[in-house]
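Analysis of the macromolecular model
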Amino acid sequence: MQKVIIRNFTDPMMGLSYESEPELRRLETHFQEQLEIEYIMSGLVRDISDFMTSYEKSIPTEDGIKLYCSRLAQIYLQEKDIGGLPMNMDNFALFDSEHRSSYPLNIAYKAALLSSKEKAHSFLYRLRFATIYQCRQTTSQEELLKIAVECGLDRKQFQHYMDNGTALKKFEEDLTLTRAMRINSLPSYLISYGQKAVLLNGVCDYDVIANSIVTISDNQIKPVRYTYSEEKLQKLIINHPLISISEILRSFDDLNIEKIKKAINSTLQREHFKFIEENFIEFF
């Protein structure tokens, strides 16, 4: 079967991509094996000086970076209602004088992909979660290694790809593709079917992307209604070992918050799942 390919141009630190996850889950459940999603690392922050104000640059470096991080935290908080995923900006300090770029996060995703294609999205999701919800300094290699282990990746193999330049080379290839496509805003979505393609910019919108898929495939690829069953819920959580309640709600056509909490509690009693602060479920 010919599939629709969605190439998601993003950066792991992006709040708009984090908030797009519920819509991506809906695309996955409603298009199933007809759809494949790839993540292109587009390097949002080459160096924080590109985004700092003149005043932030004029004061002592650490003070200026703290002000920038505080301002960035407010931008994140303005995005938190888009997809319903909780954010926490308490003690947000992604950057400092020794960690001035988001490129390490991008390279780390490529290292995860080289280590295990099956676990790469789990790594990307947990990396965003660690950055935006847990406020961990994921620009540091120490934190990136911890997240790799949390996702079940082989630490030595992951670090090997980080250190030997292989992951960096793959990231540079993504940057080249991003520039060749003249993508200047993130996230962006390149939707391809055979020789046809369409580029969409901005926050993921299920209806817009679903309609684009139907159009470029000449009605060959269509979404299907996806209704709840305990088996489907378990499969969803196992495929996404860290997932939010908002994503689960968007994945099915016949769930409300009361029904989903009852269903989850029933499942949790028998399976290896646990709640994280009532907003997320983790499979272990």
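One can find the structure itself at the top, above this paragraph.
This is a predicted model, so every value here is computed, not measured.

Packing of helix H2 (residues 21-31) against helix H10 (residues 206-216) brings their axes to within 10 Å, and their N-to-C directions diverge by 35°. You can see that H2 and H10 cross each other, and the crossing is right-handed. Only Tyr206, Ile209, Ala210 and Ile213 of H10 make contact with H2, whose side of the interface consists of Glu23, Arg26, Leu27, His30 and Phe31. Class assignment of the residues belonging to the contact of H2 with H10 gives a composition of 6 nonpolar, 1 polar and 2 charged.

The next thing to look at is the side chain of Asp174. By secondary structure assignment, the location of Asp174 is in helix H9 (residues 166-180). Given a relative accessible area of 7%, Asp174 falls into the buried group. Asp174 has contacts with Tyr39, Ile40, Met41 and Lys110, leaving out every residue within four places of it along the chain.

Further remarks concern the pairing of strand S1 (residues 4-10). Across the 7 residues that make up S1, a large majority, 6, are buried. The pairing of S1 with strand S2 (residues 35-41) spans 7 bridges and is parallel. Bridge assignment links Asn8 to a residue of S2, and that residue is Tyr39. Sheet topology places S1 next to strand S3 (residues 188-193); 5 bridges connect them, and they run antiparallel. Looking at the pairing, Ile6 lines up with Ile191 of S3.

This next bit is on the sheet that holds S1. One key point about sheets: their strands pair by backbone hydrogen bonds, in either a parallel or an antiparallel sense. Taken together, the 4 strands give an open sheet; going across it, the order is S2-S1-S3-S4, and neighbouring strands pair in mixed fashion. Looking along the sheet, the strands with just one partner apiece sit at the ends: S2 and strand S4 (196-201). Sheet twist, expressed as the average angle between the axes of neighbouring strands with direction ignored, equals 20°. Against the sheet, helix H5 (residues 103-115) contacts S1 and S2, and its axis sits at roughly 140° relative to S2. Contacts from H9 reach S1 and S2, with the element oriented near 100° to S2.

Spatial ordering of the open sheet is given by S5-S7-S6, a layout of 3 strands whose pairing is antiparallel. Of all the strands in the sheet, just strand S5 (242-244) and strand S6 (273-276) have a single pairing partner and so form its edges. Direction aside, the axes of adjacent strands within the sheet are offset by 25° on average. In the sheet, S6 pairs with strand S7 (residues 280-283) via 4 bridges, with the strands oriented antiparallel. Following the sheet pairing, Phe273 is matched in S7 by Phe283. Seen against the sheet, helix H6 (residues 117-132) touches S5, S6 and S7 and runs at an angle of roughly 60° to S5.

Conventions used here
- Residues numbered from 1 in each chain as written.
- Predicted model: local features only at pLDDT ≥ 70, side-chain atom pairs only at ≥ 80, totals over all residues.
- Heavy atoms only, no water.
- Axes fitted to C-alpha atoms, helices over the stretch in contact; angles between N-to-C directions.
- Helix = DSSP H or I, 4+ residues; strand = E, 2+ residues; numbered from the N terminus.
- Left-handed = near helix turned anticlockwise from the far one by under 90°.
- Contact = heavy atoms within 4.5 Å.
- Nonpolar A, V, L, I, M, F, W, Y, C, P; charged D, E, K, R; others polar.
- Buried < 20%, exposed > 50% of the residue type's maximum accessible area, 1.4 Å probe, protein only.
- Pairing = 2+ DSSP bridges.

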